[in-house]
Each structure stands twice: as C-alpha cells, then as structure tokens.
Amino acid sequence: MAFVKACALSELEEDTPKRVELDGTPVSVVRTEGEVFAINDICSHANVSLSEGEVEDCAIECWLHGSAFDLRTGKPSGLPATRPVPVYPVKIEGDDVLVSVTQES
C-alpha cells in the first residue's frame, strides 16, 4: 500500500472537508470526531464534489441532493444515492496526512 501526502494536519479545520487530488483521484480529507478520514470526492449519485458539502455525525453530505455518506465506510445513509463511494486508508506522521488511494476499503 503506497501512502502519499495529502495535506498537513494543521491545514484541516474540524468538520470542514478539504479537496485534494492524489494520483489523479479526487479525494475529500476530513478531520472530525478526533480522527481523519479520506473519501472519494465524487458523489455516487450525481457527479458533484462531496467536499463542498457539510460534515455531521461522521458523515459527509452531498450539497446537491442531500445524500450523506459515512466517512468510515463510504455507504450512503439515504436516497437518492444507493451506491457507496470509496474510502481510503489514512496515516498521520507528524503533521503530514498520508492517504493510500491504491487500496480502497
């Protein structure tokens, strides 16, 4: 599993998604509830950026139609989305947030 630097931990505001592109993959990095998560930034229902949505209760909501995706599993919690989005492993090394987009979980 190859980890690459996504951003600095100090750049992440609580419950505010940060969009990054890693090896051509759009990723939303989110710091919430004392953890850091990485989820594919494209909604599985409509081709829009999840990082423009709100974060609440360890989920990110698509701003366009309101589907929310669990940051731990990528599973949608309600319609209109029915398909999960990929989530990626995260490691913290010092102030570096490292993400592996080569292996989805």
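Residues numbered from 1 in each chain as written. Predicted model: local features only at pLDDT ≥ 70, side-chain atom pairs only at ≥ 80, totals over all residues. Heavy atoms only, no water.

By the naming in an unreviewed UniProt entry, the protein is Bifunctional 3-phenylpropionate/cinnamic acid dioxygenase ferredoxin subunit, taken from Streptomyces cavourensis.

Asks: Even after reading the chapter, I still don't get the environment of Val85, so can you show me in this structure?
Replies: If you trace the backbone, Val85 turns up in the loop between β7 (68-70) and β8 (87-88). Val85 sits in the buried class, given a relative accessible area of 4%. Along the sequence, Val85 and Gly66 sit 19 residues apart, while their C-alpha atoms lie 15 Å from each other. Those residues in contact with Val85 that sit more than four places away from it in its chain are Ile39, Asn40, Ile42, Cys43, Ser44, Leu50, Phe69, Thr73 and Gly74. (Helix = DSSP H or I, 4+ residues; strand = E, 2+ residues; numbered from the N terminus. Buried < 20%, exposed > 50% of the residue type's maximum accessible area, 1.4 Å probe, protein only. Contact = heavy atoms within 4.5 Å.)

Asks: What should I look at first to understand the pattern of salt bridges in this one?
Replies: Side-chain pairs of opposite charge can arise whenever the charged atoms involved come near each other. Overall, the coordinates contain five salt bridges when judged by the stated rule. Linking Asp96 and Lys5 is a salt bridge whose minimum nitrogen-to-oxygen distance equals 3.2 Å. A residue pair is termed long-range when its members are at least 10 positions apart, and Asp96 in strand β10 (residues 96-99) and Lys5 in strand β1 (residues 4-8) qualify at 91 residues. Taking relative accessible area as the criterion, Asp96 reaches 29% and is therefore assigned partly exposed. Between Lys18 and Glu11 there is a salt bridge whose closest N-O contact spans 3.4 Å. (Salt bridge = Lys/Arg side-chain N within 4 Å of Asp/Glu carboxyl O.)

Asks: Would you mind showing me how to read the sheet that holds β1 here?
Replies: Adjacent strands of a sheet form backbone hydrogen bonds with each other and so pair up, either parallel or antiparallel. In spatial order, the strands read β1-β10-β9; together these three strands make up an open sheet with antiparallel pairing. For this open sheet the edge positions go to β1 and β9 (90-93), each flanked by a neighbour on one side alone. Strand-to-strand twist in this sheet, taken as the mean axis angle between neighbours without regard to direction, amounts to 35°. Where β9 and β10 come together, four bridges link them in antiparallel fashion. (Pairing = 2+ DSSP bridges. Axes fitted to C-alpha atoms, helices over the stretch in contact; angles between N-to-C directions.)

Asks: Even after reading the chapter, I still don't get the sheet that holds strand β5 (residues 55-56), so can you show me in this structure?
Replies: Ordered in space as β5-β6-β7, the three strands form an open sheet in which the pairing is antiparallel. Since the sheet does not close on itself, it has two edges, and those belong to β5 and β7, each with one partner. With three bridges connecting them, strand β6 (residues 59-61) and β7 associate as antiparallel partners. Across the sheet, the residue bridging to Ile60 is Phe69, located in β7.

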